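Breakdown of the fold
So you can see what is in the structure, the chains are spelled out below.
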Amino acid sequence: MRLDGYAGRRRLGLSDLRRFESESLFDRSARVVCGAQCVAKKELYENWACAAAIHEHFFSRAMAPRVVVDVCGGHGLLGWFLLVMTSQTRCFAVDPRIPKSAATLRDAFGREWPGLGSRHRYLEARAEDLSLGPHALVVALHACGGLTDDVLLAAVDGRAHAAVVPCCHSLRGYRLPVRVDRLDDIDRTRCAFMTDHGYDVVSHFLPAHLTPKNQVLFAARPFSNGLSHDDDDDVGLPLRSPLREALGPARLPSLAWSRWR
Ligand SMILES: C[S@@+](CC[C@H](N)C(=O)[O-])C[C@H]1O[C@@H](n2cnc3c(N)ncnc32)[C@H](O)[C@@H]1O
């Protein structure tokens with residue numbers, strides 16, 4: 001099944017429901033997506049593959065991330081899939097332009113899994129404005145050019161975990177404070193940068209027939225700095241700058257979650 005042509009760009013709809021008949025988590029999620037009628041076939045498969053890889057890498061740990069921040073997520077499918085795969089996690093889908101289809105997806109997932117919506121928030125914001133904490137996992141699928149760097153810098157700044165799938169590599173867009181002269185060196189330098197900042201870095205590849213830009217960089221923060229489950233207040237909270245100013249300190253206590261209900 002190749003998904004990089006017309007077939008992959010075709011929007012899934014009600015006529016596709018019959019392809020996903022089982023009660024597996026994937027088929028149930030795919031039926032939600034078909035019912036929403038706003039997601040391309042390619043997106044379904046690449047977001048699911050990415051979510052499954054992220055889940056395997058980060059959520060089998062003793063201290064799984066509490067908050068997923070899905071950056072440059074558009075309508076946020078990756079975040080919804082990660083919520084479906086986990087039971088406690090909350091998710092922020094962050095994008096400066098949240099499309100109308102986001103509300104359609106939220107309603108569709110909420111119908112299938114009542115309660116899921118209370119764990120999810122859309123936030124119109126830019127990657128550069130993120131404020132993360134050590135219990136957060138920031139994820140970005142196809143973060144164009146320097147956006148990948150903004151996401152990694154936000155992770156380092158907040159001691160958060162990161163999982164990024166870079167795309168649209170360019171030397172002009174590249175933004176890490178380490179010199180790079182060749183396009184081919186960008187991702188290697190990103191890995192070295194995260195390693196230098198104390199992260200365990202692993203490269204993973206999504207199936208190439210789903211997406212040509214298929215390298216996932218996992219950067220996990222080892223929990224060796226006295227961080228414990230009691231650090232409830234330090235999940236971090238992505239806020240737009242004006243909101244951050246209005247609400248005071250960037251790292252709000254977990255109670256602040258209620259502001260987003
Ligand atoms: C190539 S799309 C990726 C969408 C989705 N993750 C996917 O793989 O289908 C890039 C997304 O980045 C968003 N974006 C652009 N500038 C951004 C910024 N400064 N911070 C966060 N997201 C941004 C765009 O609005 C767009 O939704």
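Calculation criteria
Residues numbered from 1 in each chain as written. Predicted model: local features only at pLDDT ≥ 70, side-chain atom pairs only at ≥ 80, totals over all residues. Helix = DSSP H or I, 4+ residues; strand = E, 2+ residues; numbered from the N terminus. Expected span 1.5 Å × (residues − 1). Buried ≥ 20, exposed ≤ 12 C-beta atoms within 10 Å, placed from the backbone. Near = placed C-beta within 6 Å. Nonpolar A, V, L, I, M, F, W, Y, C, P; charged D, E, K, R; others polar. Contact = placed C-beta atoms within 7 Å. Axes fitted to C-alpha atoms, helices over the stretch in contact; angles between N-to-C directions. Parallel < 35°, antiparallel > 145°, perpendicular 65-115°, else oblique. Left-handed = near helix turned anticlockwise from the far one by under 90°. Core = buried A, V, L, I, M, F, W, Y, C linked by C-beta atoms within 7 Å. Pairing = 2+ DSSP bridges.

- By the naming in an unreviewed UniProt entry, the protein goes by Methyltransferase domain-containing protein and is assigned to Chrysophaeum taylorii.

**Topic: helix α3 (residues 41-58)**
- With 18 residues, α3 extends 26 Å between its outermost C-alpha atoms, agreeing within 8% with the 26 Å of an ideal straight helix rising 1.5 Å per residue.
- Every buried residue belonging to α3 is among Lys-41, Glu-43, Leu-44, Tyr-45, Glu-46, Asn-47, Trp-48, Cys-50, Ala-51, Ile-54 and Phe-58, and all of these are buried.

**A few points about the site of the ligand**
- Within the structure, the ligand sits among 15 residues, and Cys-72, Gly-74, Arg-126, Ala-127 and His-142 are positioned closest to it.
- When residues in the shell around the ligand are grouped by element, the largest group, three residues, is from strand β4 (residues 136-144).
- Its residues assigned to classes, the shell around the ligand comprises seven nonpolar, three polar and five charged.

**Describing the environment of Val-216**
- Secondary-structure assignment places Val-216 in strand β7 (residues 215-220).
- Residue Val-216 is classed as buried on the basis of its 20 C-beta neighbours within 10 Å.
- C-alpha of Val-216 to C-alpha of Leu-206: the two residues are ten residues apart in sequence and 7.2 Å apart in space.
- Once you skip the residues sitting within four places of it in the chain, Val-216 turns out to touch Cys-50, Ala-53, Ala-163, Val-165, His-204 and Leu-206.

**What about the packing of helix α2 (residues 25-36) against helix α5 (residues 101-112)?**
- Running from amino to carboxyl end, α2 crosses α5 at an angle of 135°, the nearest separation of the two axes being 9 Å. It follows from the interaxial angle that α2 and α5 lie oblique. The handedness of the crossing between α2 and α5 is right-handed. Facing α2, whose interface residues are Arg-28, Val-32, Gly-35 and Ala-36, α5 presents Thr-104, Leu-105, Ala-108, Phe-109 and Glu-112.
- Taken together, the residues of the contact of α2 with α5 sort by class into five nonpolar, two polar and two charged.

**A look at the nonpolar core**
- Ranked by size, the top nonpolar core spans 68 residues in total, and within it Val-69, Val-71, Val-138, Ala-140, Val-151 and Ala-155 carry the most contacts.
- Beyond its immediate sequence surroundings of up to four residues, Ala-140 is in contact with Val-71, Cys-72, Leu-147, Thr-148, Val-151, Val-164 and Val-165.

**What about helix α4 (residues 77-85)?**
- Counting buried positions over the nine residues of α4 gives eight, a clear majority of the element.
- Every buried residue belonging to α4 is among Leu-77, Leu-78, Gly-79, Trp-80, Phe-81, Leu-82, Leu-83 and Val-84, and all of these are buried.

**Some thoughts on the pairing of strand β5 (residues 161-167)**
- The element β5 is largely enclosed, with a buried count of six among its seven residues.
- Strand direction decides the pairing type here: β4 and β5, joined by seven bridges, are parallel. Pairing of Ala-143 across the sheet is with Pro-166, part of β5.

**Quick notes on the packing of α3 against α4**
- At a closest axis distance of 9 Å, the pairing of α3 and α4 adopts a crossing angle of 50°. If you check the angle between α3 and α4, you find them oblique. Here α3 runs over α4; the crossing is right-handed. Side by side, α3 and α4 meet where Glu-43, Asn-47, Trp-48, Cys-50, Ala-51, Ile-54 and His-55 of the first sit next to Leu-77, Leu-78, Phe-81, Leu-82 and Met-85 of the second.
- Tallied by class, residues from the contact of α3 with α4 come to nine nonpolar, two polar and one charged.

**Remarks on the environment of Ala-155**
- Examined against the element boundaries, Ala-155 turns out to sit in helix α6 (residues 147-158).
- Separated by 65 residues in the primary sequence, Ala-155 and Ala-220 place their C-alpha atoms 9.9 Å from one another.
- Beyond its immediate stretch of four places on either side in the chain, Ala-155 contacts Leu-132, Val-138, Ala-160, His-161, Ala-162 and Ala-219.

**Quick notes on the sheet that holds β7**
- Sheet architecture is open: seven strands sit in the order β3-β2-β1-β4-β5-β7-β6, paired in mixed fashion. Every other strand in the sheet has two partners, leaving β3 (120-123) and β6 (200-205) as the edge strands with one partner each. Ignoring strand direction, the axes of neighbouring strands in this sheet form an average angle of 15°.

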